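A structural walkthrough
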Amino acid sequence: MTGFSKGIRKVEVALKWDPSPAGHSPADLDIIAATFVSGDAYGDPAYLVHFDSRSPDGTITLNRDSTDGKGFGWDEVMTLELERLDGRYTRVVVGAVIQQRYGHKTFADVQHPALRIREGYTVLAEDDFGSVAGATAAAIAEFVRDDSGEWTFRPGLHGFDGDPATFTRVMGRAHRP
């Protein structure tokens with residue numbers, strides 16, 4: 001291995017699902033990103049990015065937002081420009097949350113949910129949420145900056161079955177290396 005690796009630089013996280021059958025309430029999945037600073041990498045997020053907020057520096061953006069899965073292709077898409085994040089940020093956790101405004105829903109209640117994480121054309125992870133079917137939310141990606149400043153990707157789904165409104169407070173604590 002040479003020292004020419006630049007680590008993960010810019011990633012796209014995408015969710016898709018099929019619309020609910022006729023007569024059923026719509027399913028609404030949301031992507032959430034939480035940034036953490038070096039002194040509190042597993043504590044409270046420095047800031048969150050989701051459907052009604054943005055990153056202060058424009059490095060994390062929600063490019064597409066769907067409330068019912070009726071989009072073309074990927075319904076929710078978020079871009080993370082990790083190489084542009086200020087050096088004080090050493091960890092970013094991305095999650096998927098199911099809105100509960102129409103009653104309790106888990107991933108098992110959503111028609112064909114899927115996720116894809118990629119850097120450029122390279123797919124880093126794909127999943128169908130089957131391992132967290134009973135969850136209302138899940139941490140779906142973790143990006144960590146190492147001592148040399150390079151970002152690495154830690155795959156894996158970590159389900160959460162409580163009130164999704166509290167997910168943002170615990171999503172970064174859900175799994176430690």
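Anything mentioned here points back to the structure above.
Quick notes on the rules
- Residues numbered from 1 in each chain as written.
- Predicted model: local features only at pLDDT ≥ 70, side-chain atom pairs only at ≥ 80, totals over all residues.
- Heavy atoms only, no water.
- 1 Å grid on protein atoms, 1.4 Å probe; cavity = no way out; pocket = protein on both sides within 12 Å on 5 of 7 lines; lining within 4 Å.
- Points joined across faces, edges and corners; volume = space filled by probe spheres on them.
- Nonpolar A, V, L, I, M, F, W, Y, C, P; charged D, E, K, R; others polar.
- Pairing = 2+ DSSP bridges.
- Helix = DSSP H or I, 4+ residues; strand = E, 2+ residues; numbered from the N terminus.
- Axes fitted to C-alpha atoms, helices over the stretch in contact; angles between N-to-C directions.
- Core = buried A, V, L, I, M, F, W, Y, C linked by side-chain atoms within 4.5 Å.
- Buried < 20%, exposed > 50% of the residue type's maximum accessible area, 1.4 Å probe, protein only.
- Contact = heavy atoms within 4.5 Å.

**A short note on the layout of surface pockets**
Here the largest pocket defines a volume of roughly 200 Å³. Lining the largest pocket we find 14 residues, and of these Ile32, Val97, Gln99, Pro164 and Ala165 sit closest to its centre. A per-class count over the lining of the largest pocket returns seven nonpolar, four polar and three charged.

**Some points on the sheet that holds strand β8 (residues 122–127)**
The antiparallel open sheet is built from five strands, whose spatial order is β4-β5-β1-β7-β8. Edge positions in the sheet fall to β4 (60–64) and β8, since each of these pairs with one other strand and no more. With strand direction ignored, the average angle separating the axes of adjacent strands in the sheet is 20°. Direction of pairing for strand β1 (residues 10–18) relative to strand β7 (residues 111–119): antiparallel, over a ladder of six bridges. Within β7, the position partnered with Val13 by the bridge is Ile117.

**Focus: the nonpolar core**
By size, the foremost hydrophobic cluster in this structure holds 36 residues, and its most contacted members are Val92, Val94, Ile140 and Phe143. Mapped by element, the contributors of at least two residues to this core are β1, β2 (29–37), β3 (47–49), β5 (76–81), β6 (89–98), β7, β9 (137–145) and β10 (151–154). A per-element tally of this core places β6 first, with five residues. Those residues in contact with Phe143 that lie beyond four places of it in its chain are Ile8, Val11, Leu82, Thr90, Arg91, Val92, Val94, Ile117, Trp151, Thr152 and Phe153.

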